[in-house]
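# Chains, contacts and geometry: an overview
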Amino acid sequence: MSLSYCDLHCDTLTVCKDNGLNLADCRLQTDINALKRAGCTAQCFAIFTENKSEEKFFSYADFFINQMYSCSNIAEPIKAKGDFCRIVKSGKLACILTAENLGFLNGGLSGIARIADVGVKVASLVWNTLNAFALPNVVYKNGVPDFACREQKGLTAEGKSTVEILNSCGILLDVSHLSDGGTADVLSISKLPVIASHSNAYSVCPVCRNLTDMQIRAIADSGGIIGVNFCRDFLGNGDIFGLILAHLKHIINVGGEDVAAFGSDYDGMPAPAGLETCSSMPYLLNFLEGKLGGRVTEKVASGNFITLFSHYF
């Protein structure tokens, strides 16, 4: 059967804005035209911020909105409740705006209300450097990241209150990049499902960016989903399709069939050989269908994503 897919994370929006490219046809690792050809049903587009201001963040949001107008015949952003199902049924690409690293925020509820107003549906508190909310899962030694170490410190008091504010605004928390202690705090505080948009299984590839079995089970118990990241640094060495399969199988074995999904990290990583762009996704889906069967592959590819997002958006 012909399978469609959804993707929890790409950085293509940020790259396009920074380089004066169109999101529809930039011909990077992914773009809207290529996503449609590859059978993508829904794509999360991250605004990635590293030590940038609120003004800069909202310039990316404005860019996203303008890009959506320019390709409204094939894609549409999720804004209000019910948009996700309507857009999916229409056959257009459902485009979800997300925020990777809220360290730019000034002003608690008012700042989060503003990002909700521009359409942000998923947000992470931190990237790879600490901010007022949290620490990353990367530990630095003499200024160099040590991916064998895991950060145990939790959220700051402001970070904990921010989780509650995000919940109140209907924004889902993303724990990819967050410290182990911070992830535990988010899972204990959040009343909404928790997402790891682009993280793999630590038991398969032991680097700090990947999730422990305890974290996988806790995210599953929250009703959230985990997007397997296509970056080789977090997959390990070997055939890329086989590695993605190994991570998916482990996540399913630990957390169940309802938690596994895709979070490609396209245009946020070096292109992996064999899966250089989203145009290769049909080949990956065919491979997984042969290994996992059609029912499980459909859940991983799109079903789990659609179940979660159709309920909240």
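This section reports on the structure supplied with the text. Because the structure is a prediction, the values reported are computed rather than measured. (Residues numbered from 1 in each chain as written. Predicted model: local features only at pLDDT ≥ 70, side-chain atom pairs only at ≥ 80, totals over all residues. Heavy atoms only, no water.)

Take the pattern of salt bridges next. Applying the stated criterion across every chain, the model contains 9 salt bridges. Between Arg86 and Glu76 there is a salt bridge; the shortest N-O distance is 2.8 Å. Here Arg86 is found in helix α4 (residues 83-90), whereas its partner Glu76 is found in strand β3 (residues 75-77), with 10 residues between them in sequence. A relative accessible area of 39% places Arg86 in the partly exposed class. What you see here is one network of salt bridges that share partners, running through Glu76, Asp83, Arg86 and Lys92. (Salt bridge = Lys/Arg side-chain N within 4 Å of Asp/Glu carboxyl O. Helix = DSSP H or I, 4+ residues; strand = E, 2+ residues; numbered from the N terminus. Buried < 20%, exposed > 50% of the residue type's maximum accessible area, 1.4 Å probe, protein only.)

Before going further, it helps to spend a moment on the layout of surface pockets. Approximately 360 Å³ is the volume attributed to the largest pocket. For the largest pocket, the lining is made up of 22 residues, of which Trp127, Asn128, His177, Asp265 and Gly268 are closest to its centre. Looking at the lining of the largest pocket, its residues break down into 9 nonpolar, 7 polar and 6 charged. Empty space within the second largest pocket amounts to approximately 160 Å³. Taken together, 14 residues make up the lining of the second largest pocket; nearest its centre are Gly223, Gly224, Ile225, Asp258 and Thr307. Element by element, the count of residues in the lining of the second largest pocket is highest for helix α12 (residues 294-312), at 6 residues. Of the residues contributing to the lining of the second largest pocket, the split by class is 6 nonpolar, 7 polar and 1 charged. (1 Å grid on protein atoms, 1.4 Å probe; cavity = no way out; pocket = protein on both sides within 12 Å on 5 of 7 lines; lining within 4 Å. Points joined across faces, edges and corners; volume = space filled by probe spheres on them. Nonpolar A, V, L, I, M, F, W, Y, C, P; charged D, E, K, R; others polar.)

Next up on the list: the side chain of Thr41. Along the chain, the position of Thr41 falls in strand β2 (residues 40-48). Thr41 sits in the buried class, given a relative accessible area of 14%. Here Thr41 is in contact with Ser4, Tyr5, Cys6, Val88, Lys92, Leu93, Ala94 and Ile306, once residues within four sequence places are set aside. (Contact = heavy atoms within 4.5 Å.)

Time to look at helix α10 (residues 240-255). Between its terminal C-alpha atoms α10 stretches 22 Å, which fits the 22 Å expected from 16 residues at 1.5 Å a residue. All of the buried residues in α10 are Ile240, Phe241, Leu243, Ile244, Leu245, His247, Leu248, His250, Ile251, Ile252 and Val254. For α10, the secondary structure elements touched by its buried residues are α8 (213-222), β10 (226-228), α9 (232-235), β11 (260-262), α11 (281-292) and α12. Two residues or fewer after α10 comes Gly256, characterised by a positive phi angle close to 100°. (Expected span 1.5 Å × (residues − 1).)

What follows covers the nonpolar core. The biggest cluster of nonpolar side chains holds 88 residues, and the ones touching the most others in it are Tyr5, Leu102, Ile115, Leu125 and Phe262. When residues of this core are assigned to their parent elements, the largest contribution, 9 residues, is made by α10. (Core = buried A, V, L, I, M, F, W, Y, C linked by side-chain atoms within 4.5 Å.)

Attention shifts here to helix α6 (residues 157-168). Taking 1.5 Å per residue as the helical rise, α6 with its 12 residues ought to reach 16 Å, and the 17 Å between its terminal C-alpha atoms agrees with that figure. Taken residue by residue, α6 has Gly159, Thr162, Val163, Ile165, Leu166 and Asn167 as its buried positions. Next to the buried residues of α6 lie α5 (108-117), β5 (120-124), β8 (172-174) and α7 (180-189). Two residues or fewer past α6, Gly170 is found with a positive phi of approximately 75°.

The contact between α11 and α12 brings their axes to 7 Å, and the two run at 135°. With respect to each other, α11 and α12 are oriented oblique. Crossing of α11 against α12: the hand is right-handed. Facing α11, whose interface residues are Leu285, Leu288, Glu289 and Leu292, α12 presents Gly294, Val296, Thr297 and Ala301. For the contact of α11 with α12, the per-class residue count stands at 5 nonpolar, 2 polar and 1 charged. (Axes fitted to C-alpha atoms, helices over the stretch in contact; angles between N-to-C directions. Parallel < 35°, antiparallel > 145°, perpendicular 65-115°, else oblique. Left-handed = near helix turned anticlockwise from the far one by under 90°.)

Taking burial as the measure, the 5 residues of β5 include 5 buried ones, the bulk of the element. Inspection of the sheet shows strand β4 (residues 93-100) paired to β5 by 4 bridges, in the parallel sense. Within β5, the position partnered with Thr98 by the bridge is Val122. Strand direction decides the pairing type here: β5 and β8, joined by 3 bridges, are parallel. By the bridge assignment for β8, Ser124 is matched with Asp174. (Pairing = 2+ DSSP bridges.)

Turning to its location among the elements, Leu245 is positioned in helix α10. Taking the C-alpha atoms as reference, Leu245 lies 9.6 Å from Val228; in sequence the two are 17 residues apart. In this structure, Leu245 is in contact with Phe287, Leu288, Lys291 and Leu292, ignoring residues within four places of it in sequence.

Honestly, it's all geometry; don't read function into it.
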